[in-house]
Amino acid sequence: MYVWPCAVVLAQYLWFHRGSLPGKAVLEIGAGVSLPGIVAAKCGAEVTLSDSSELPHCLEICRQSCQMNNLPQVHVVGLTWGHISRDLLALPPQDIILASDVFFEPEDFEDILTTVYFLMQKNPKVKLWSTYQVRSADWSLEALLYKWDMKCVHIPLESFGADKDDIAESALPGRHTVEMLVISFAKDNLNYT
């Protein structure tokens, strides 16, 4: 397990918005070591961490992160993207969904958005705060967002102080361009009845 640059950028975004987090229901999907979720919990959010129910080791890492950060109130659940499970059905409506570097494998994109769409049905005002590392110019979320009646706003890293080398950099080889997105339902498609 590793804290990827995307997690640090998303944690910075949470810290920048820390005043709006107390009491918010926050779910981190694909949490891994859970840095963004831990920061949200430390800022007063009611946090649930999740990773694949098929990867119990990842769920144990989430629990260890909570233990090391003295956060016994944070819940950890197994959610597999694209699967409707008892744990997914039991989740209360969320205000914010966190996703750090989950848009990694293009074959997972639709399963991720299916899960997010299900959660958006419970609370149409929920926002997905997501960071991803640019790995290929060959893929885009735009068509899938349109299909699932969602929209995306790109947030410039400099707008929340995450454009500094010590935040978005990594000792790992390769290019580490990180993007910040806020995904929500497309407003003109919401049905408020």
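The shown structure was predicted, so the numbers you read here are calculated from the model rather than taken from an experiment.

Cut-offs and rules
Every chain begins its residue count from 1, and numbering advances along the sequence as written. Totals for whole chains, interfaces and linings use every residue, but because this is a predicted model, local features are given only for residues with pLDDT of at least 70 and side-chain atom pairs only at 80 or more, for both listing and counting. Hydrogens and water are ignored here; the side-chain numbers use all heavy atoms of the structure. Paired strands, in this sense, are two strands between which DSSP finds at least two bridges. Here a strand is any run of E in DSSP of at least two residues, a helix any run of H or I of at least four, and the numbering for each starts at the N terminus. Handedness is read with the strands pointing away from the viewer; a crossover is right-handed when the path from the first strand over the helix to the second is clockwise. Nonpolar cores are built from buried Ala, Val, Leu, Ile, Met, Phe, Trp, Tyr and Cys residues. Side-chain atoms within 4.5 Å join them into one set. Throughout this description, buried means an accessible area under 20% of the type-specific maximum (1.4 Å probe, protein chains only), exposed means over 50%, and partly exposed covers the range between. Whether two residues touch is decided by their heavy atoms; if any such pair falls within 4.5 Å, the residues are in contact. We define a salt bridge as a contact between a side-chain nitrogen of Lys or Arg and a carboxyl oxygen of Asp or Glu at a distance within 4 Å. Axis lines are fitted through C-alpha atoms, for helices just across the contact stretch, and the angle between N-to-C directions can take any value from 0 to 180 degrees. Note on angle classes: values under 35 degrees are labelled roughly parallel, values over 145 roughly antiparallel, values of 65 to 115 roughly perpendicular, and the remainder oblique. Put simply, a crossing is left-handed when the front helix is turned counterclockwise from the back one by less than a right angle, and right-handed when it is turned clockwise. Any residue outside Ala, Val, Leu, Ile, Met, Phe, Trp, Tyr, Cys, Pro, Asp, Glu, Lys and Arg is labelled polar, Gly included; the first ten of those are nonpolar and the last four are charged.

Looking along a regular strand, one sees the side chains alternate between the two faces of the sheet. Sheet topology places strand β2 (residues 46-51) next to strand β3 (residues 75-78); 4 bridges connect them, and they run parallel. Across the sheet, residue Ser 50 finds its bridge partner in β3, namely Val 77. Where the polypeptide runs from β2 across helix α3 (residues 56-68) and back to β3, its parallel neighbour, the crossover connection is right-handed.

It is worth spelling out the nonpolar core at this point. Soluble globular proteins: nonpolar side chains tend toward being buried together. Judged by nonpolar contacts, the single largest core of 33 residues is most densely connected at Leu 14, Val 47, Leu 49, Leu 98, Trp 129, Phe 160 and Met 180. Within the residue set of this core, elements represented by two or more residues are α1 (5-16), α2 (35-42), β2, α3, β4 (96-100) and β7 (178-185). For this core, the element with the highest residue contribution is α1, accounting for 6 residues. Not counting the four nearest positions on each side in its chain, Leu 14 is found in contact with Leu 21, Pro 36, Val 39, Ala 40, Leu 98 and Trp 129.

Here the focus is the pattern of salt bridges. One pass over the structure, following the stated rule, counts 2 salt bridges. Its salt-bridge partner being Glu 60, residue Arg 63 comes within 3.7 Å of it at the nearest N-O pair. Of the two residues, Arg 63 and Glu 60 are both situated in helix α3; the distance of 3 residues between them amounts to about one turn of the helix. Arg 63 sits in the partly exposed class, given a relative accessible area of 39%. The shortest N-O distance in the salt bridge between Glu 110 and Lys 147 comes to 2.5 Å. Here the residue Glu 110 occupies a position in helix α5 (residues 109-122), and Lys 147 occupies one in helix α6 (residues 142-147), the gap between them amounting to 37 residues. Taking the relative accessible area as the measure of exposure, Glu 110 reaches 27% and is therefore partly exposed.

Take the environment of Gly 30 next. As for its position among the elements, Gly 30 is in the loop between β1 (25-29) and α2. Sequence separation of Gly 30 and Gly 78 is 48 residues, and the distance between their C-alpha atoms is 9.5 Å.

This brings us to the packing of α1 against α2. At a closest axis distance of 8 Å, the pairing of α1 and α2 adopts a crossing angle of 15°. The angle between α1 and α2 places the two elements in the roughly parallel class. Two packed elements cross with a definite hand, and for α1 against α2 that hand is right-handed. Contact residues: α1 offers Ala 7, Val 8, Leu 10, Ala 11, Leu 14 and Trp 15, while α2 offers Leu 35, Pro 36, Val 39 and Ala 40. Here the residues of the contact of α1 with α2 sort into 10 nonpolar, no polar and no charged.

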